[in-house]
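# Overview (structure and organization)
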Amino acid sequence: MRAMFVFAVVALMMVSTAAAQLSVQLKRTNPGIAKEKNAELIFDIVNTDVTHLIEGFLLCRSPDDAVVSSTYGVGAGSGAQYISPKFQMDEGPSQEAMTITLDADTPGDKRTGCVVKYIPYKVNEVATTQTVTNPDGTSAEQEVMQEVRQFLKLNGEYVGQEDLLDGHYREIRLDKTVPFAPAGVKQPACPEGQVSCTAGEVVDLGAAGKLPVAWIIIAVLVLVLVVVYLLGKSSRQ
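As the structure is a computational prediction, the values presented were derived from the model and not from experiment.

### Looking at the nonpolar core
Ranked by size, the top nonpolar core spans 26 residues in total, and within it V24, F43, L58, M98, I100 and L174 carry the most contacts. Breaking this core down by element, the ones donating at least two residues are β1 (22-30), β3 (39-47), β4 (53-61), β7 (87-89), β8 (94-103), β10 (114-133), β13 (170-174) and β14 (177-181). If you tally residues by element for this core, the top one is β3, at four residues. Counting nine residues, the second-largest nonpolar core is a separate cluster that includes L53, L59, F151 and L164.

Rendered as structure tokens:
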């Protein structure tokens, strides 16, 4: 019986831990232009855990050549070393959008160095007793319900807000690079059908539909030759 009880406790802990599912998926990359236009990484944050809410924050330690200029969806702020305010997500299935905007002074692929740190939690109602003062000046004890958050650690145990440590948070690394095109590019974008790309793959949509000067010169020369040929042919007739 004791062995079965231990097994049941361990199984329950594993189920609780496995149930806490959060994923961060890259939705789109908008390349930037060095010193001219910022770049954007757009993510979808999805909570599939139907039994827990999520508390989390964004931590970025960008290199010296890239700076997080703003974020959307997980608080606002800026800096190469950036920590967002905490954000909360409802029980699953729930989804939030997150945008990270970066600036860079030089072209190339820049690392964000960002991590989403999160922890699942439950909200329980606990009865507490408070002393209230009546209009006649007498005091009386009154029972009230208070919401208390219980945070789920990786080992399946719950801790209260006062015992919550940074080491209890789980991490999802956003190992994504952000491409910055050199000056002169008008409208940088990743190739069609790609949600991410490198600086070498960036295409300039601002140049789409414009013929190179060399092709224009060749077209004019061909047109002149055709006109001369037709004029010569008509004069011989």
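### Some remarks on the pairing of β3
Counting buried positions along β3 yields eight of nine residues, so the element is predominantly enclosed. For β1 and β3, the ladder comprises eight bridges, and the chain directions are antiparallel. Across the sheet, residue L26 finds its bridge partner in β3, namely F43. Bridge count for β3 against β8 is nine bridges, and the pairing is antiparallel. Opposite I42, over in β8, you have T99 as the bridge partner.

### As for the state of the cysteines
Inspection of every chain in the model, using the stated rule, returns two disulfides. The disulfide that involves C60 links it to C114, with 2.0 Å between the sulfurs. With the S-S bond torsion at 105°, the cross-link from C60 to C114 turns out right-handed. You can see C60 sitting in strand β4 and its partner C114 sitting in strand β10, a full 54 residues away along the chain. Disulfide pairing places C190 opposite C197 at an S-S distance of 2.2 Å. Of note, the bridge from C190 to C197 carries an S-S torsion of about -75° and is left-handed in sense.

### Structural notes on the packing of aromatic side chains
The tally for this structure, following the rule as stated, stands at two aromatic pairs. Between the aromatic rings of F57 and Y169, the centroid separation amounts to 5.5 Å while the plane-to-plane angle is 70°, which identifies the pairing as edge-to-face. Separated by 112 residues along the polypeptide, F57 in strand β4 and Y169 in the loop between β12 (158-160) and β13 bring together distant segments of the chain. Consider the rings of Y121 and F151, whose centres lie 5.4 Å apart with planes at 40°: the pair is tilted. Of this pair, Y121 sits in strand β10 while F151 is found in strand β11 (residues 139-152), placing the two residues 30 residues apart along the sequence. For the pair shown, Y121 and F151 are each scored as buried.

### Overview of the sheet that holds strand β9 (residues 108-111)
Overall, mixed pairing links the three strands, which are arranged β2-β14-β9 in an open sheet. Across the chains shown, the open sheet's two edge strands, defined by having one partner strand only, are β2 (32-33) and β9. With four bridges joining them, β9 and β14 adopt antiparallel strand pairing. Each residue of the ladder has a partner; that of K110, found in β14, is V178.

### Focus: unusual backbone geometry
Along the chain, G92 connects to P93 via a cis peptide bond; the corresponding omega equals -5°. Along the polypeptide, P93 turns up in the loop between β7 and β8. For K35, which is not glycine, the phi torsion reads 65° and is therefore positive. Examined against the element boundaries, K35 turns out to sit in the loop between β2 and β3. On the accessibility criterion, K35 (69% relative accessible area) is exposed.

Cut-offs used in this document
Residues numbered from 1 in each chain as written. Predicted model: local features only at pLDDT ≥ 70, side-chain atom pairs only at ≥ 80, totals over all residues. Heavy atoms only, no water. Core = buried A, V, L, I, M, F, W, Y, C linked by side-chain atoms within 4.5 Å. Buried < 20%, exposed > 50% of the residue type's maximum accessible area, 1.4 Å probe, protein only. Helix = DSSP H or I, 4+ residues; strand = E, 2+ residues; numbered from the N terminus. Pairing = 2+ DSSP bridges. Disulfide = S-S within 2.5 Å. Phe/Tyr/Trp six-rings, centres within 6.5 Å; stacked < 30°, edge-to-face > 60°.

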